[in-house]
Amino acid sequence: MLLVPLPSPPHFPAADFSLRRLLRRKAYPRRSLLVHSASKEVDAFTQSSGYLFESSSEAESSTEYNISKISAIYKKKPLIVIRRLLQIGSTLGKWFALRYYDRVAERDDVMFEVRAAELRKILVQLGPAYVKIAQAVSSRADLIPPSYLDELSLLQDQIAPFSSEVAFQTIEQELGIPLDEVFSEITPEPVAAASLGQASVQWESCCCKSSRPGVRAAISLDILILRFLVGLIKRAGKLNTDLQSVIDEWALSLFREMDYNIEAKNGVRFRQLYGSIQDVVVPEFYVDQTTSKVLIMQWIEGQKLAEVKDLYIIEVGVYCSLNQLLECGFYHADPHPGNLLRTYDRKLAYLDFGMMGEFKQELRDAFIEACLHLVNRDYDALAKDFVNLGFIPPTADKDAVAQALTGVFRNAVSKGVRNISFGDLVGKLGTTMYKFKFRIPSYFSLVIRSLAVLEGIAVSINPDYKVLSSTYPWIARKVLTDNSPTLNSSLKALLYKDGVFRIDRLESLVTESLRVRTERLSAKESLEIDNTQIWAFALDEKVAFVREIIVEEIAKGMDALGLATVDSIALPLVGNLPFVSNSFSSVTEEDITHLRNLQRLVTLFSGLQQQESSTTKSSANEAALIPSALASGQEILPLLSSLAKLPQDSQQQLLRLPADVARKLVSRAIARTIKRVFL
């Protein structure tokens, strides 16, 4: 899509919203495009469920979600509640009865598409709450049959609009001025329609959304009914999860989504945080000209993400989502395919910022830790993460939970992080969640949906796509570069076990973090990692904590190398002396481990292939490790050439490394001398 530069709109004073007086002072051309011929047709929702808002203006005027207030309103209107229950029960009951008859009559295949179309029409008639549920489900191509997927996908951006005349009246009432005095151009019919509103007016590159009438009243009553039903389900099934809190969280987000003032502010904040990300487009919002029922924003054109089959744009979406979830904590909680477009210049455009979520810092850290522990198969730590995330109470038997998680995830992670399916992980947790009375925190349902939707879209393009494969490199980079004390402590616990450095985990984290794709790659380019990238990453100021660990381990290895070198020279000389054992050596098993780690570090940072030989595997002959721990001059030359390509700041940091290693070595030598003399 080509984004047309926005002309500066007339400034509408916030105090008195005096548009008429302002526009009279400024000679704006006016054209009324057949406003009188705007559509007066009644949409299916109004026709079937219009009684909800026609008889409950109090519920329709509610601007905030308050279940006590909603309950009080409908206690006075029992006939409306009964009528709604009968409507829901009869329409859905009839549909399920027909589906059952199709199965009994063995005509499932013949009637499949017909029933799918009927279900879509029923959901539209029932209203926005049911449409929203269907939109969330419609992104899961791996869970929904194709015929139903095609029909439910129409609910993402092809919902029948409501009367244009009603929309124009709403806009004029909210702005307090005739429509043709506000906009230079008016389209008589809506250009797009959604479950909560529709884009009724296009002004050059600007669009005006107006709220669908009756949505607050319908959603209020449907939420009340859903809370009652899930309360019954919880008691009947003796579930530990607070399903009503999940409904409340969802309802709260729906009410925020219905207030266009909130959506405009959300859009501005989202644009500030993520609008500068490469290949991400966020529309501009005109907050001063927006009201609770009318939203004025930039008009963006493009194709639905599910229709273009572009995995690169999916990767951009994953990257942007991870920035939302792991960096800032402010995330788009309704990323169904209708709200994600690929623009015509191949960028990802985000739309509809009514439903947003906040992911607190402590929960973000716990989520990252859980992913790390899952990939590294540390199920004991994962059980603790589930406590921190609020899935299980602190009093739960963590050993039993860890054992159950081992059984659930062992096969899932055995093939490597790049083959882990996010959807499969959530599905495999079902039995364990029921057994240990897992609670689904209300905040987490939106986080799960945000990731599951992206994987669902990607799976429709590539059945082998795994969102966690794209997610883990960002998690690895986050844990290596973040200065959070919590994540630093978690990283240290991950890299050390009983005081022993597990270099294989550092290698894995560094390698995965360098898989992060920050630029669009051409078909000929690849994600191959060279030692220049490794050095540039290790010398970055953001990885100071990791660099300190590496320097410490290099110092340990150099210290062990010095001891092994002395032994290799001294032992042949003193071996024939009386009273000196041939097995005498000052090198311990711990030193042998340090030598091996040094060799692995040299291999990692030189870009050389690690050579596994019998001498490196044997702890009996530490002298054999000496040459393998060092690189030859011939191998050093390419490394020096790579280091010369580093940025100036990185080269200066590199020059400081020998001094840092020397200080560590001196400290270890003094400590060892004191230990041998006095202990």
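Look up a bit, the structure's there.
Below: a short report on this structure. Being a predicted model, the structure only gives us computed values, none of them experimental.

### Some words on the overall build of the protein
In terms of regular secondary structure, the protein is built from 30 helices and 12 strands. A total accessible area of about 32,700 Å² is found for the protein, and carbon and sulfur atoms account for 55% of it.

### Details of the pairing of strand β3 (residues 206–211)
With 6 of 6 residues buried, β3 is to be regarded as a mostly interior element. Judged by which residues are buried, β3 turns out to be covered on both faces: Cys206, Cys208 and Ser210 on one side and Cys207, Lys209 and Ser211 on the other are all buried. Examined bridge by bridge, β3 and strand β5 (residues 294–298) share 5 bridges and lie antiparallel to one another. Paired with Cys207 across the two strands is Met297, which belongs to β5.

### As for the nonpolar core
With 142 residues, the main nonpolar core has Tyr74, Phe270 and Leu509 as its most contacted residues. Top element by residues in this core is helix α11 (residues 215–237). It accounts for 10 residues. Ranked by size, the runner-up nonpolar core spans 12 residues in total, among them Phe168, Leu175, Leu179 and Phe183.

### Focus: the sheet that holds strand β4 (residues 280–281)
Across the sheet, which stays open at both edges, the 4 strands sit in the order β4-β9-β8-β6 with mixed pairing between neighbours. The open sheet has two free edges, formed respectively by β4 and β6 (303–304), since each of these has just one partner strand. Inspection of the sheet shows β6 paired to strand β8 (residues 340–342) by 2 bridges, in the antiparallel sense. Considered in β8, the bridge of Lys304 is made with Leu341. The strands touched by helix α15 (residues 311–328) are β4, β8 and β9 (348–350); relative to β9, the strand with the most contacts, the crossing angle is about 45°.

### Some remarks on the side chain of Arg505
Among the structural elements, Arg505 can be located in helix α23 (residues 503–513). With no salt bridge to any partner, buried Arg505 finds its closest opposite charge in Asp378, at an N-O distance of 4.6 Å. In terms of polar contacts, Arg505 uses its side chain to reach the backbone carbonyl oxygen of Asn376, at 3.2 Å. Here Arg505 is in contact with Asn376, Leu494 and Leu495, once residues within four sequence places are set aside.

### As for the environment of Val551
With respect to the secondary-structure elements, Val551 resides in helix α25 (residues 544–574). Under the relative-accessibility criterion, Val551 is labelled buried at 5%. In the structure, Val551 is positioned 109 residues away from Asp660 in sequence and 7.1 Å away in space, judged by C-alpha atoms. Sequence-distant contacts of Val551, defined by excluding residues within four places in its chain, comprise Leu657, Asp660, Val661 and Lys664.

### Topic: the packing of helix α16 (residues 361–375) against helix α22 (residues 485–495)
Orientation of α16 relative to α22, taken along the N-to-C sense of each, is 15°, at an axis distance of 10 Å. With respect to α22, the axis of α16 lies roughly parallel. The element α16 and its partner α22 pack so that their crossing is right-handed. Residues Asp365, Ile368, Glu369, Leu372 and His373 of α16 form the contact with α22, whose own contacting residues are Thr486, Leu487, Ser490 and Leu494. Split by residue class, the contact of α16 with α22 holds 4 nonpolar, 3 polar and 2 charged.

About the thresholds
Residues numbered from 1 in each chain as written. Predicted model: local features only at pLDDT ≥ 70, side-chain atom pairs only at ≥ 80, totals over all residues. Heavy atoms only, no water. Helix = DSSP H or I, 4+ residues; strand = E, 2+ residues; numbered from the N terminus. Areas by Shrake-Rupley, 256 points an atom, 1.4 Å probe, with all protein chains shown as cover. Buried < 20%, exposed > 50% of the residue type's maximum accessible area, 1.4 Å probe, protein only. Pairing = 2+ DSSP bridges. Core = buried A, V, L, I, M, F, W, Y, C linked by side-chain atoms within 4.5 Å. Contact = heavy atoms within 4.5 Å. Axes fitted to C-alpha atoms, helices over the stretch in contact; angles between N-to-C directions. Lys, Arg positive; Asp, Glu negative; His and termini not counted. Salt bridge = Lys/Arg side-chain N within 4 Å of Asp/Glu carboxyl O. Polar contact = N/O pair within 3.5 Å; in protein donor to acceptor, adjacent residues only side chain to side chain. Parallel < 35°, antiparallel > 145°, perpendicular 65-115°, else oblique. Left-handed = near helix turned anticlockwise from the far one by under 90°. Nonpolar A, V, L, I, M, F, W, Y, C, P; charged D, E, K, R; others polar.

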